[in-house]
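# Summary of the model geometry
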Amino acid sequence: LHLKVVEESMKFVSRFSACFLLGIGLSVNSLVLFAQEQVNAAADENHYKDVKKQLEGIQADPGRLATVIKEGKRRTVFCRTCHGENGAAKRQNVPNLAGQNALYLYTQLERFSSGRRYDFMMAGLAQNLTTQDMKNIALYYSSLEVKTAGGGDEKLKASGKATYAIQCVGCHKKGALGDEQIPRL
């Protein structure tokens, strides 16, 4: 009987030790991943600050901006299939791009291209864009006049506005204009 108790105790200690060591390993791994995410976030922030300066530099030069917008429009041939001729989406679950923040658009194109964001159509298309193409497209769409979808149920307008004021305004800002990291709605 004593031998059986000792054997069961040893099995318990062995299982407990294995679980404990596994827990320590997972905790250390989580800390390493968290630290890596912090490094990546800092690198992203610096990268997008540089891109923002580049976009602002282009926007400050009217002649260069006109050339970039023209080239951006030329590169949107496939984009128009879903996002519309003037950045107003043709399909219900596709975002309007007209008037969107240029840095936000650039960021999303870059993320689709690298695989950090995934959509079947966008991934394939974005991988064929150069960094300059992404800047051109972002500046083109940001230069367009905002097009609203219109329509909708007037009865829901007041409750939608109230919901927005509670749940959405914190990120998407007053007037749903968004910013460099959050899309305009």
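First things first, this report covers the structure right here in the doc. (Residues numbered from 1 in each chain as written. Predicted model: local features only at pLDDT ≥ 70, side-chain atom pairs only at ≥ 80, totals over all residues. Heavy atoms only, no water.)

### Notes on the nonpolar core
The tendency in soluble globular proteins is for nonpolar side chains to be buried as a group. Grouped together as the largest cluster of nonpolar side chains are 24 residues, with contacts concentrated most on Leu55, Tyr106, Leu109, Leu139 and Tyr141. Residue assignment for this core shows that the elements contributing at least two residues are α1 (2–59), α2 (62–74), α4 (102–114), α5 (120–126) and α6 (131–143). For Leu139, the residues in contact, after removing those within four places along its chain, are Leu55, Ile58, Gln59, Leu65, Val68, Ile69 and Ala102. (Core = buried A, V, L, I, M, F, W, Y, C linked by side-chain atoms within 4.5 Å. Buried < 20%, exposed > 50% of the residue type's maximum accessible area, 1.4 Å probe, protein only. Helix = DSSP H or I, 4+ residues; strand = E, 2+ residues; numbered from the N terminus. Contact = heavy atoms within 4.5 Å.)

### A few points about a nonpolar patch on the surface
Where nonpolar side chains cluster on the molecular surface, the patch consists of Tyr118, Phe120 and Met121 and spans about 420 Å² of accessible area. Mapped onto the secondary structure, Tyr118 falls in the loop between α4 and α5. (Patch = residues over 30% accessible without salt bridge, like charges linked within 9 Å, V, L, I, M, F, W, Y side chains within 5 Å. Areas by Shrake-Rupley, 256 points an atom, 1.4 Å probe, with all protein chains shown as cover. Salt bridge = Lys/Arg side-chain N within 4 Å of Asp/Glu carboxyl O.)

### Structural notes on the side chain of Thr76
Along the polypeptide, Thr76 turns up in the loop between α2 and α3 (80–83). Judged by its relative accessible area of 0%, Thr76 falls in the buried class. Separated by 2.7 Å, the side chain of Thr76 and the backbone oxygen of Lys73 make a polar contact. With sequence-adjacent residues up to four places away left out, Thr76 is seen in contact with Ile137, Tyr140 and Tyr141. (Polar contact = N/O pair within 3.5 Å; in protein donor to acceptor, adjacent residues only side chain to side chain.)

### Topic: α2
Spanning 13 residues, α2 covers 18 Å between terminal C-alpha atoms, matching the ideal 18 Å at 1.5 Å per step. Within α2, the full set of buried residues consists of Leu65, Val68 and Gly72. Taken end-on, α2 shows its buried residues confined to a sector of 65°, consistent with a single buried face. Set apart from the buried face of α2 by more than 90 degrees, the exposed residues are Thr67, Lys70 and Arg74. (Expected span 1.5 Å × (residues − 1). Arc of directions from axis to C-beta.)

### Quick notes on the packing of α2 against α6
Interaxial distance between α2 and α6 falls to 7 Å at its minimum, and their mutual angle equals 100°. When the axes of α2 and α6 are compared, the pair comes out roughly perpendicular. Contact with α2, carried on its side by Leu65, Val68, Ile69, Glu71, Gly72 and Lys73, involves Asn136, Ile137, Leu139, Tyr140 and Ser143 of α6 and no other residues of that element. (Axes fitted to C-alpha atoms, helices over the stretch in contact; angles between N-to-C directions. Parallel < 35°, antiparallel > 145°, perpendicular 65-115°, else oblique.)

### Here we look at the packing of aromatic side chains
Applying the stated rule across the entire model yields 1 aromatic pair. For the pair Tyr140 and Tyr141, a centre-to-centre distance of 5.0 Å together with 55° between the ring planes defines the contact as tilted. For the pair formed by Tyr140 and Tyr141, the shared burial category is buried. (Phe/Tyr/Trp six-rings, centres within 6.5 Å; stacked < 30°, edge-to-face > 60°.)

### A look at the environment of Arg80
If you trace the backbone, Arg80 turns up in helix α3. Not counting chain neighbours up to four residues away, the residues in contact with Arg80 comprise Lys73, Arg74, Glu85, Lys90 and Tyr141. At 2.5 Å, the side chain of Arg80 and the backbone oxygen of Lys73 are in polar contact.

### Focus on the environment of Ala176
Residue placement: Ala176 occurs in the segment after α7 (154–172). According to the relative accessible area criterion, Ala176 is buried, its value standing at 12%. Sequence separation between Ala176 and Ala165 is 11 residues; the distance between their C-alpha atoms is 10.0 Å.

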